[in-house]
Amino acid sequence: MNIITAIELVQLIKANADIQLIDVRETTEHQEFNIGGELIPLQQIIQHIHRIEKEKQVIIYCKKGVRSHIAIQRLQNKFPFQNLVNLAGGMDAWIKMFTL
């Protein structure tokens, strides 16, 4: 599975890279803090397959990186995705990076 660090993701965002961000947390978590990703909770990821880009890098994230890992496994088990990337450490790593 491909992973990306919070630092690498910030670099992509600053470079205006053509990526898609998908947040697989729950609605309340997304409303509390988000980095602009499309909200598709883990339990709904398969039903919303049509919202996931197939031609660009898709970075999937959650709070700690566990649910996003599961989401990627589920998607890759059912569909031929080769472009899915997990944000290592999730939003916790993102927040920690900016509070150092």
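Attention here is on the structure that accompanies the text. (Residues numbered from 1 in each chain as written. Predicted model: local features only at pLDDT ≥ 70, side-chain atom pairs only at ≥ 80, totals over all residues. Heavy atoms only, no water.)

### Structural notes on the pattern of salt bridges
Rule in force here: Salt bridge, as used here: a side-chain nitrogen of Lys or Arg that lies within 4 Å of a carboxyl oxygen of Asp or Glu. Here the term buried applies to any residue with accessible area under 20% of the maximum for its type, exposed to any over 50%, and partly exposed to those in between, with areas from a 1.4 Å probe on protein chains only. Helix and strand definitions here come from DSSP, where helices need a minimum of 4 consecutive H or I residues and strands a minimum of 2 consecutive E residues; each element is numbered from the N-terminal end.
This model, assessed by the stated rule, comprises 6 salt bridges. A salt bridge links Asp 23 to Arg 25, with the nearest nitrogen and oxygen atoms 2.7 Å apart. Both residues of the pair, Asp 23 and Arg 25, belong to the buried class. The shortest N-O distance in the salt bridge between Glu 38 and Arg 51 comes to 3.7 Å. You can see Glu 38 sitting in strand E3 (residues 38-39) and its partner Arg 51 sitting in the loop between E3 and strand E4 (57-61), a full 13 residues away along the chain. Take Glu 38: its relative accessible area is 30%, and that puts it in the partly exposed class. Owing to a relative accessible area of 28%, Arg 51 belongs among the partly exposed residues under this scheme.

### Description of the nonpolar core
What counts is decided by this rule: The definition of a nonpolar core used throughout is a set of buried Ala, Val, Leu, Ile, Met, Phe, Trp, Tyr and Cys residues joined through side-chain atoms within 4.5 Å. Contacts: residue pairs with any heavy atoms within 4.5 Å of one another.
By size, the foremost hydrophobic cluster in this structure holds 15 residues, and its most contacted members are Ile 22, Val 24, Ile 45, Ile 52, Ile 60, Leu 75 and Leu 84. Mapped onto this core, the elements with two or more residues apiece are E4 and helix H3 (66-78). By residue number, the principal contributor to this core is H3, which donates 3 residues. Residues in contact with Ile 52, not counting those within four places in the same chain, are Gln 20, Ile 22, Ile 40, Ile 45, Val 58, Leu 75, Phe 81 and Leu 84. In this structure, Ala 6, Ile 19, Ile 59 and Leu 87 belong to the second largest nonpolar core, which totals 13 residues.

### Concerning the pairing of strand E2 (residues 19-23)
Rules: A pair of strands is labelled paired if DSSP reports no fewer than 2 bridges between them.
Most of E2 sits out of view: 5 of its 5 residues are buried. The alternating pattern of E2 places Ile 19, Leu 21 and Asp 23 and Gln 20 and Ile 22 on opposite faces, both of which are buried. Sheet analysis places E2 next to E4, joined by 5 bridges and oriented parallel. Counterpart to Gln 20 in the pairing with E4 is Val 58. Bridge count between E2 and E3: 2 bridges; the pairing is parallel. By the bridge assignment for E3, Ile 22 is matched with Glu 38.

Purely spatial values, then, with no claim about function.
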